[in-house]
Amino acid sequence: MAHLIQVSQIRGQQFIKREMRFPSAMKWGPGNRGGGTIMLWEGRLLFRGVRYLSQHCTPRYQMIADLLKEEDFDLILLQEVYSEKDYLFLKRALSHCNPHSHYFKSGVIGSGLALFSKHKLLDVFLYRYSVNGFPYKAFHGDWFAGKAVGMVVVNIGGMVAHVYITHLHAEYSRENDAYLPHRVAQTWELVQFLRLTSAAADLIILGGDLNMHPSDLGIRLLRGYTGLVDCYHATQNFQGCPDGATYIPQNPFTSKSELETFPNGIRIDYILFKGSATLAAKCDSFSTTMGCVPGQPFPYSDHEALSAMLLAQRQQKKQEEEEAMASSELLANLIDTMNEARTEVKVGLHHVEGMRHTAMRMGIMGLALLLLEMLIALVPWLAVSTEQGFPRATFYLLGSLSLVTLVLTGVLYIFYSTQVKALHSTEEQMRLAVLRLQEQVTSRGPHSR
């Protein structure tokens with residue numbers, strides 16, 4: 001029995017074009033337990049996602065709701081829905097076509113992750129990444145969002161699908177990427193979360209804005225370790241932007257300075273999938289939207305929409321050994337990727353340790369200055385003359401400065417300590433994973449293929 005599965009992803013307010021819908025004859029239902037369509041829409045709704053700061057926020061949400069009501073999606077995954085008011089608006093608008101939904105709450109302003117489904121949600125869970133940028137870089141905002149991965153379990157016609165949605169830390173500078181260690185650490189946590197929660201799944205689908213180019217370290221680590229398949233590479237039937245780009249200069253909401261070296265745009269949004277021992281899956285077609293919405297003065301979002309059609313078919317149970325791990329050569333490549341990832345995490349760890357030491361030194365200076373202020377305050381009590389020799393205004397100013405310095409550096413020291421521990425833990429997990437992979441290579445021998 002074959003299962004026809006349609007998956008759509010959008011980061012920013014982008015949507016699946018109507019002509020890319022799946023055949024209506026293939027619907028999941030009680031009388032068709034062998035096959036059907038799953039239409040999954042995933043997207044980042046707002047440019048930088050903050051209500052009142054995003055351009056044309058209200059009309060774009062209305063455009064999104066109108067489109068989703070016209071389409072026939074089984075699953076809708078959204079990113080950067082930072083306002084619960086906007087989520088509730090969409091929940092009301094989609095109550096007839098996608099009555100089941102969940103809003104993943106995290107961080108200060110929220111993870112921005114939301115999911116709508118035609119099918120009942122069997123289980124939901126949110127995992128928040130342990131490293132997530134820096135709170136004092138407020139204009140970047142990633143720390144306040146509490147970046148995370150959301151998981152939803154749905155049963156569609158007897159097939160258990162684990163659907164994951166995530167949004168990793170942004171890359172604000174390609175040349176000087178201070179957040180690369182954070183993004184690699186987030187990718188590793190995503191890898192482990194997928195592996196440890198998907199054992200009972202017939203089908204795994206991951207959609208999201210990963211903020212990484214296809215050849216970047218994080219993508220190689222994610223695909224190599226989990227065996228997930230990129231829809232763009234898996235299909236022979238692609239329609240959309242050149243090279244599958246999802247962040248293009250033709251979109252009026254994109255930053256043109258970020259794309260100066262990429263005239264065709266960049267691909268940082270993905271739909272990845274994987275079958276199981278009892279279910280084979282492949283990508284039949286894949287597409288992206290291509291800029292502005294016809295008849296509208298602006299697009300849905302700053303990123304293009306993705307749409308994929310997956311074909312899944314039941315099969316006899318495979319051997320325990322996964323195909324992705326069947327070759328010693330593949331294992332060796334994965335070990336190299338893991339070692340590269342460990343190096344990046346160590347670089348980030350060294351950087352954070354340096355900032356923690358700086359905060360500690362500044363705290364010691366603040367404490368010394370505060371003690372000096374206290375000694376100055378005792379001088380009139382110890383001297384024979386009761387006359388105050390130190391200007392009162394200067395005394396209070398320096399005292400306030402030393403106290404503020406001590407408090408701020410103390411807070412920063414605690415924050416950097418948590419990051420040091422998180423990065424240490426990630427590096428240790430990677431080290432153990434590399435040892436396990438090396439043992440597998442050794443046990444198979446040099447001629448294993």
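Quick caveat, the model's predicted, so the values are computed rather than measured.

Before going further, it helps to spend a moment on the overall build of the protein chain. Secondary structure assignment for the protein chain yields 8 helices and 14 strands. A buried classification covers 52% of the 449 residues belonging to the protein chain. Put simply, of all contacts in the protein chain between residues at least 6 apart along the chain, 76% involve residues at least 24 apart. About 20,700 Å² of surface is accessible on the protein chain, with carbon and sulfur atoms providing 59% of the total.

So, on to the packing of helix H4 (residues 180–197) against helix H5 (residues 217–226). Two elements in contact, H4 and H5, have axes separated by 9 Å at closest approach and are oriented at 15°. Overall, the two elements H4 and H5 adopt an arrangement that is roughly parallel. Where H4 crosses over H5, the handedness of that crossing is right-handed. On the side of H4, the interface is formed by Val184, Thr187, Trp188, Leu190, Val191, Gln192, Leu194 and Arg195, while H5 contributes Leu217, Gly218, Leu221, Leu222, Tyr225 and Thr226. Along the lines of polarity and charge, the residues of the contact of H4 with H5 split into 9 nonpolar, 4 polar and 1 charged.

The residue Phe73 is located in the loop between helix H1 (57–70) and strand S3 (75–79) in this model. Judged by relative accessible area, which is 1%, Phe73 ranks as buried.

This part is about the nonpolar core. Counting 48 residues, the largest nonpolar core has Leu222 and Met338 as the members making the most contacts within it. Taken together, the elements giving at least two residues each to this core come down to strand S7 (148–156), H4, strand S9 (203–209), H5, strand S12 (269–274), helix H7 (328–382) and helix H8 (392–444). Considering every element that reaches this core, the biggest residue donor is H7, with 10 residues. When residues no more than four places from it in sequence are discounted, the contact partners of Met338 are Trp188, Leu221, Tyr225, Met430, Ala433, Val434 and Leu437.

A separate point is the UniProt feature "transmembrane region" (unreviewed entry) in the protein chain. Using the residue numbers shown here, the UniProt feature "transmembrane region" (unreviewed entry) corresponds to residues 364–383 and 395–416. Helix makes up 100% of residues 395–416 and strand 0%, whereas the separation of the span's terminal C-alpha atoms amounts to 31 Å.

Next up on the list: the sheet that holds S7. The mixed open sheet is built from 6 strands, whose spatial order is S6-S7-S8-S9-S12-S10. Where the open sheet ends on each side, the last strands, each with one partner, are strand S6 (121–128) and strand S10 (229–230). Contacting S6, S7, strand S8 (159–167) and S9, H4 crosses the sheet at an angle of about 165° to S8. Sheet strands touched by H5: S9, S10 and S12. Its angle to S12, the strand with the most contacts, is close to 10°.

For H5, the buried fraction is high: 7 of the 10 residues fall into the buried class. Of the positions making up H5, those classed as buried are Leu217, Gly218, Ile219, Leu221, Leu222, Tyr225 and Thr226. Looking one or two places after H5, you find Gly227, whose phi comes out positive at around 80°.

This part takes up the packing of H1 against helix H2 (residues 84–93). In the contact formed by H1 and H2, the axes pass within 10 Å of each other and the chain directions differ by 30°. Regarding the angle of H1 to H2, the classification is roughly parallel. H1 and H2 meet at a crossing whose hand is right-handed. Across the interface between the two elements, Cys57, Tyr61, Gln62, Ile64, Ala65 and Lys69 of H1 pack against Asp86, Phe89, Leu90 and Ala93 of H2. Grouping the amino acids of the contact of H1 with H2 by side-chain chemistry returns 7 nonpolar, 1 polar and 2 charged.

So, on to unusual backbone geometry. Excluding glycine, a negative phi dihedral is what most residues carry, and trans is how most peptide bonds are arranged. Of note, Asn211 is a non-glycine position whose phi angle comes to about 55°, a positive value. With respect to the helices, strands and loops of the structure, Asn211 is situated in the loop between S9 and H5.

Let's shift gears to the pairing of S7. Counting buried positions over the 9 residues of S7 gives 8, a clear majority of the element. With 7 bridges connecting them, S6 and S7 associate as antiparallel partners. Bridge pairing in S7 links Tyr127 to Val149. Summarising the sheet, S7 and S8 pair through 8 bridges and their orientation is antiparallel. Looking at the pairing, Val149 lines up with Thr166 of S8. Hairpin connection between S7 and S8: a loop of 2 residues separates the two successive antiparallel strands, and Gly157 in this loop has a positive phi of roughly 60°.

For Glu189, the location among the structural elements is in helix H4. Salt bridges are absent for the buried Glu189, whose nearest opposite-charge side chain, Arg128, sits at 9.2 Å.

Calculation rules
Residues numbered from 1 in each chain as written. Predicted model: local features only at pLDDT ≥ 70, side-chain atom pairs only at ≥ 80, totals over all residues. Heavy atoms only, no water. Helix = DSSP H or I, 4+ residues; strand = E, 2+ residues; numbered from the N terminus. Buried < 20%, exposed > 50% of the residue type's maximum accessible area, 1.4 Å probe, protein only. Contact = heavy atoms within 4.5 Å. Areas by Shrake-Rupley, 256 points an atom, 1.4 Å probe, with all protein chains shown as cover. Axes fitted to C-alpha atoms, helices over the stretch in contact; angles between N-to-C directions. Parallel < 35°, antiparallel > 145°, perpendicular 65-115°, else oblique. Left-handed = near helix turned anticlockwise from the far one by under 90°. Nonpolar A, V, L, I, M, F, W, Y, C, P; charged D, E, K, R; others polar. Core = buried A, V, L, I, M, F, W, Y, C linked by side-chain atoms within 4.5 Å. UniProt positions renumbered as here; feature names shortened; annotations may be inferred. Pairing = 2+ DSSP bridges. Lys, Arg positive; Asp, Glu negative; His and termini not counted. Salt bridge = Lys/Arg side-chain N within 4 Å of Asp/Glu carboxyl O.

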